[in-house]
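Residue-level structure breakdown
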Amino acid sequence: MRLVFAGTPEVAVPSLEALIASRHEVVAVVTRPDAPAGRGRKLRPSPVAERAMEAGIEVLRPARPREPEFLARLAEIAPDCCPVVAYGALLPKAALDIPARGWVNLHFSLLPAWRGAAPVQHAVMGGDDVTGACTFQIEEGLDSGPVYGCVTDDVRPTDTSGDLLERLSRSGARLLAATMDGIEDGQLVAVPQPPDGVSLAPKVTVADARVDWTTPALRVDRVVRGCTPAPGAWTTFRGERVKLAPVRLRAGDSELAPGEIAVERKVVRVGTGSHAVELTEVQPQGKRMMAAVDWARGVRPESGERFGAENAAASGETE
């Protein structure tokens, strides 16, 4: 089939590579416009655009996919099918109607669970034991179209959303290529999603990534892992933001108040709503990530001092 691939971030690159290596022809790529990146904030093409240009594939960068110029070019290309991975913009009906076999999205969850922009982050934060990726026919609803196929993967106890997404991007790429084969061969029929089991996975904001130390240690652990690497879990210390790397659970260690910091020779512990967790690495505001013990050696937390203490004071809690 003649394919036009739509995708933008690094996680979409394995799928593009799998399709380039497949029996199908990737005749063009649709991606988001160049965006500022790096310290100099210079405009850079998306990872998908860079890979497509390396392969000599035409790159379309519409500001909005409803632009008449883009729709006209897509119709001129006349793709048989348009596979999509993390493109990052809603496709209008005028675009959906162009390819004869529609648009097929690779979504990183076991639909109908975790429909939306951040399925992997929500799977980790929600404590799922198993997740996966699905290919489905795009329709105008949010990730609600009929499903062609799925792959599964276990959510490991130490997985960050970055770890899990990296694995799913590769197994999902193989699934997407196989889905294209099955569609062309007429062997695949998309099956409607069941009405039960729907859950939503909206974008995780910086505010969502703030650690609430009054929640149980298991919840703290899941939030930090789910927000790693982006947007990055954080808390405050003496009024300044501190980013947190994944923590270690410490069963039965419950003598610390929520957010209270205890510094030992080689360990920094923090109290939660259940038992303490151990910090591994932290990133103070304006500095690089460092070992938690090195950070504590520099700031020297006082006895009873807490993360987020200014919030506790504002809400009327006492130290």
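Residues numbered from 1 in each chain as written. Predicted model: local features only at pLDDT ≥ 70, side-chain atom pairs only at ≥ 80, totals over all residues. Heavy atoms only, no water.

In this section: the packing of aromatic side chains. Applying the stated criterion across every chain, the model contains four aromatic pairs. A centroid spacing of 5.2 Å and a plane angle of 75° characterise the contact between Phe-237 and Trp-295, whose relative ring orientation is edge-to-face. On the criterion of sequence distance, the pair formed by Phe-237 in strand β10 (residues 234–237) and Trp-295 in helix α8 (residues 292–299) is long-range, its members being 58 residues apart. Given a relative accessible area of 4%, Trp-295 falls into the buried group. With a centroid separation of 5.7 Å and an interplanar angle of 20°, the aromatic rings of Trp-295 and Phe-307 are classed as stacked. In this pair, Trp-295 is assigned in helix α8 and Phe-307 in the loop between α8 and α9 (309–314), connecting sequence segments 12 residues apart. The buried category is assigned to Phe-307, whose relative accessible area is 3%. Put simply, the rings of Trp-213, Phe-237, Trp-295 and Phe-307 pair up and form one aromatic cluster. Above the face of the Trp-234 ring, Arg-241 is positioned so that its terminal group lies 3.9 Å from the ring centre. (Phe/Tyr/Trp six-rings, centres within 6.5 Å; stacked < 30°, edge-to-face > 60°. Helix = DSSP H or I, 4+ residues; strand = E, 2+ residues; numbered from the N terminus. Buried < 20%, exposed > 50% of the residue type's maximum accessible area, 1.4 Å probe, protein only. Lys NZ or Arg CZ within 6 Å of the ring centre and 35° of its normal.)

This part is about the sheet that holds strand β11 (residues 240–244). Across the sheet, which stays open at both edges, the four strands sit in the order β10-β11-β16-β17 with antiparallel pairing between neighbours. Only two strands of the sheet have a single neighbouring strand rather than two, namely β10 and β17 (290–291). As paired strands, strand β16 (residues 281–284) and β17 are joined by two bridges and run antiparallel to one another. Bridging from a neighbouring strand, Val-282 pairs with Met-290 of β17. (Pairing = 2+ DSSP bridges.)

Attention now moves to the layout of surface pockets. Of the voids in this model, the largest pocket is the one considered here, and its volume is about 1,200 Å³. In this structure, the largest pocket is lined by 44 residues; those nearest its centre are Ala-86, Tyr-87, Gly-88, Gly-116 and Ala-117. Breaking the lining of the largest pocket down by element, the ones donating at least two residues are β6 (82–85), β7 (103–107), α5 (119–125), β8 (130–137) and α6 (161–185). (1 Å grid on protein atoms, 1.4 Å probe; cavity = no way out; pocket = protein on both sides within 12 Å on 5 of 7 lines; lining within 4 Å. Points joined across faces, edges and corners; volume = space filled by probe spheres on them.)

Take the UniProt feature "domain: Formyl transferase N-terminal" (unreviewed entry) in the protein chain next. Here the UniProt-annotated "domain: Formyl transferase N-terminal" (unreviewed entry) positions come out as residues 1–177. Helix makes up 31% of residues 1–177 and strand 26%, with an end-to-end C-alpha separation of 11 Å. (UniProt positions renumbered as here; feature names shortened; annotations may be inferred.)

The subject of this paragraph is α6. In a regular helix each residue adds 1.5 Å, so 25 residues correspond to 36 Å; α6 covers 35 Å between its end C-alpha atoms and thus fits that length. Following α6 by one or two positions, Gly-186 adopts a phi angle in the positive range, close to 75°. (Expected span 1.5 Å × (residues − 1).)

Let us look at helix α3 (residues 68–77). Those residues of α3 not exposed but buried are Phe-70, Leu-71, Leu-74 and Ile-77. Take α3 and look down its axis: the buried residues cluster within an arc of 125°, on one side only. Along α3, exposed side chains directed more than 90 degrees from the buried face belong to Pro-68, Glu-69 and Glu-76. Of the surrounding secondary structure, the elements contacted by the buried residues of α3 are β1 (2–7), β2 (25–30), β5 (58–60), α4 (93–96) and β7. Looking one or two residues beyond α3, the residue adopting positive phi is Ala-78, at roughly 55°. (Arc of directions from axis to C-beta. Contact = heavy atoms within 4.5 Å.)

What follows deals with the state of the cysteines. Under the counting rule described, the total for this entry stands at one disulfide. Across the disulfide, Cys-134 is cross-linked to Cys-150 (sulfur-sulfur distance 2.3 Å). Taking the torsion about the S-S bond as the criterion, the Cys-134 to Cys-150 disulfide, at about 95°, is right-handed. With Cys-134 in strand β8 and Cys-150 in strand β9 (residues 147–154), this pair connects stretches of sequence that are 16 residues apart. Residue Cys-134 is classed as buried on the basis of its relative accessible area of 0%. On the basis of relative accessible area, Cys-150 is assigned to the partly exposed category, the value being 43%. Summary of cysteine pairing: Cys-81 is not part of a disulfide, and the nearest cysteine sulfur, belonging to Cys-82, is at 6.5 Å. On the basis of relative accessible area, Cys-81 is assigned to the buried category, the value being 0%. Assessed through its relative accessible area of 0%, Cys-82 is described here as buried. (Disulfide = S-S within 2.5 Å.)

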